[in-house]
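Results of the structural survey
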Amino acid sequence: MEWTRLLVLDLAPGEVYAHPCGEREWIVLPLSGACEVRCRALPNPASPAFEARSPGQSPGNGPEVFQLHGRTGVFSGVTDFVYLPRDADAEIRSAAGGRFALAGARCETRLPARYGPAGQVPVELRGAGPCSRQVNNFAAAGPDGFDCDRLIAVEVLTPGGNWSSYPPHKHDEHHPGEESRLEEIYYFEIAPHGDTPGLGYQRVTPSPAGKTDVLTEVRTGDAVLIPDGWHGPSMAAPGHDMYYLNVMAGPGTTREWLIRDHPDHGWIRGSWDGQDVDPRLPFSRTEDHR
């Protein structure tokens, strides 16, 4: 993958992970557990991004420290997160341990490190009937989205038995105003049923711009790389809710998510008219800590 990166950390209680950001911007997203994130900007006068550091931030300043409250798990609520700029060093520490995703994208501009509150994450319900799903747009593109240079990232939660990422769509060619060129990574977690681990399926079919052809079973911890192609559906097995984290980035100078539906399947959108959204949605937005 040329533009996108994904790391998933399983940290033991008290463990510290040192993360050099390099030429990429990153978002630290708790999947389960809480953590502390420290970020120190590095002096790099040779980089064209050096002068884009946040106002008042000098290379000699101490690290910025962010506390992430996190969540019990991906189905238990929306989480807060931290944005890390390129040309910085970070440390992630979890007192009680947990699992944390680092979604990254190659970029040019150094933006300031920032905290993203859970309460400000837009939650959207898409589709209807058996195509219903929930999207947590924590780093979506657009004028009201969280500001990044190249990175686009969202979470999708799909009730068991439903089809998500449907109709199949693509964004592997640049057509101004119609389609943006974006790589994509899908990272999955699937809810178990009692002691039975969850599973689902992911389909990617070749497009005129690429040859990616995948039909695979996915379980918790699996990732599917999509450099090109029509992607969808993401199929949640009955009784097993599906979560996936989407990480996208590409070469376009405008950060935007423009997709093209597969011509054989785009008609399905019209069938949603008059159907209700799956009553199992939305999933809980916040955890009850009483």
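Scroll up a little and you will see the structure.
Below is a short write-up of the structure. Everything quoted here is computed from the prediction, not taken from an experiment. (Residues numbered from 1 in each chain as written. Predicted model: local features only at pLDDT ≥ 70, side-chain atom pairs only at ≥ 80, totals over all residues. Heavy atoms only, no water.)

Within the protein chain, the regular secondary structure consists of zero helices and 20 strands. Expected size for 290 residues packed as a compact globule is a radius of gyration near 19 Å; at 19 Å, the protein chain falls within 12% of this value. The dimensions of the protein chain, computed from C-alpha atoms along their principal axes, are 60 × 50 × 30 Å. Put simply, the protein chain shows about 12700 Å² of open surface, and 53% of that area lies on carbon and sulfur atoms. Averaging the coordinates of the 26 positive side-chain charges in the protein chain and doing the same for the 39 negative ones gives two points 3 Å apart. (Helix = DSSP H or I, 4+ residues; strand = E, 2+ residues; numbered from the N terminus. Rg over C-alpha atoms; globule rule 2.2 N^0.38 Å. Areas by Shrake-Rupley, 256 points an atom, 1.4 Å probe, with all protein chains shown as cover. Lys, Arg positive; Asp, Glu negative; His and termini not counted. Charge placed at Lys NZ, Arg CZ, Asp CG, Glu CD.)

Within the largest apolar cluster, 29 residues are counted, with the highest numbers of intra-cluster contacts made by Ile27, Leu29, Phe138, Tyr243 and Leu245. Counting only elements with at least two residues in this core, the list comes to strand E3 (24-41), strand E5 (81-84), strand E7 (98-106), strand E10 (133-139), strand E11 (152-158), strand E14 (183-190) and strand E19 (242-249). Of all the elements, E19 adds the most residues to this core, at four residues. Every residue in contact with Ile27, bar those within four places of it in the chain, is listed here: Phe81, Val82, Tyr83, Ala101, Leu102, Ala103, Phe138, Ala139, Cys148 and Leu151. In this structure, Cys35, Leu68, Leu84 and Phe100 belong to the second largest nonpolar core, which totals 18 residues. (Core = buried A, V, L, I, M, F, W, Y, C linked by side-chain atoms within 4.5 Å. Buried < 20%, exposed > 50% of the residue type's maximum accessible area, 1.4 Å probe, protein only. Contact = heavy atoms within 4.5 Å.)

Right, let's talk about the sheet that holds E14 for a bit. In space, the six strands of this open sheet follow the order E9-E10-E11-E19-E14-E17, with antiparallel pairing throughout. The sheet is open, and its two edges are formed by strand E9 (123-126) and strand E17 (223-226), each paired on a single side. Taken pair by pair, the neighbouring strands of this sheet meet at an average axis angle of 20 degrees, ignoring direction. When E10 meets E11, the two strands line up antiparallel, connected through four bridges. When the bridges of E11 are listed, Ala139 appears paired with Ala153. (Pairing = 2+ DSSP bridges. Axes fitted to C-alpha atoms, helices over the stretch in contact; angles between N-to-C directions.)

A few words now on the environment of Val16. Assignment of secondary structure puts Val16 in strand E2 (residues 16-20). Sequence spacing of Val16 and Ala95 is 79 residues, and the spatial spacing of their C-alpha atoms is 9.1 Å. Those residues in contact with Val16 that lie beyond four places of it in its chain are Glu91, Ile92 and Arg93.

Let us now look at the pattern of salt bridges. Pairs can form between side chains of opposite charge whenever their charged atoms are close. Tallied over the full model, the rule gives 18 salt bridges. Connected via shared salt-bridge partners are Lys170, Asp172, Glu173, Glu178, Glu179 and Arg260. (Salt bridge = Lys/Arg side-chain N within 4 Å of Asp/Glu carboxyl O.)

Computed from the structure, the largest pocket encloses a volume of approximately 390 Å³. Lining the largest pocket are 27 residues; nearest its centre among them are Arg126, Val135, Asn137, Val154 and Trp257. Counting only elements with at least two residues in the lining of the largest pocket, the list comes to E9, E10, E11, E14 and E19. Class assignment of the residues belonging to the lining of the largest pocket gives a composition of 14 nonpolar, seven polar and six charged. (1 Å grid on protein atoms, 1.4 Å probe; cavity = no way out; pocket = protein on both sides within 12 Å on 5 of 7 lines; lining within 4 Å. Points joined across faces, edges and corners; volume = space filled by probe spheres on them. Nonpolar A, V, L, I, M, F, W, Y, C, P; charged D, E, K, R; others polar.)

The next point concerns the environment of Pro279. Looking at the secondary structure, you find Pro279 in the segment after strand E20 (260-261). Since its relative accessible area comes to 77%, Pro279 is described here as exposed. With 151 residues separating them along the chain, Pro279 and Ala128 place their C-alpha atoms 9.8 Å apart.

This brings us to the pairing of E5. Burial along E5 is two-sided: Phe81 and Tyr83 and Val82 and Leu84, pointing in opposite directions, are all buried. Sheet topology places E3 next to E5; three bridges connect them, and they run antiparallel. Of the residues in E5, the one forming a bridge with Ile27 is Tyr83. Taken together, the three bridges between E5 and strand E8 (residues 114-116) define a ladder with antiparallel strand orientation.

Another point: the side chain of Ser132. Considering the arrangement of structural elements, one finds Ser132 in the loop between E9 and E10. A polar atom in the side chain of Ser132 sits 2.9 Å from the backbone nitrogen of Asp278. Look past the residues within four positions of Ser132 in its chain and what remains in contact with it is Arg126, Gly127, Thr158, Pro159, Asn162, Asp276, Val277, Asp278 and Leu281. (Polar contact = N/O pair within 3.5 Å; in protein donor to acceptor, adjacent residues only side chain to side chain.)

Purely geometric numbers; function is a separate question.
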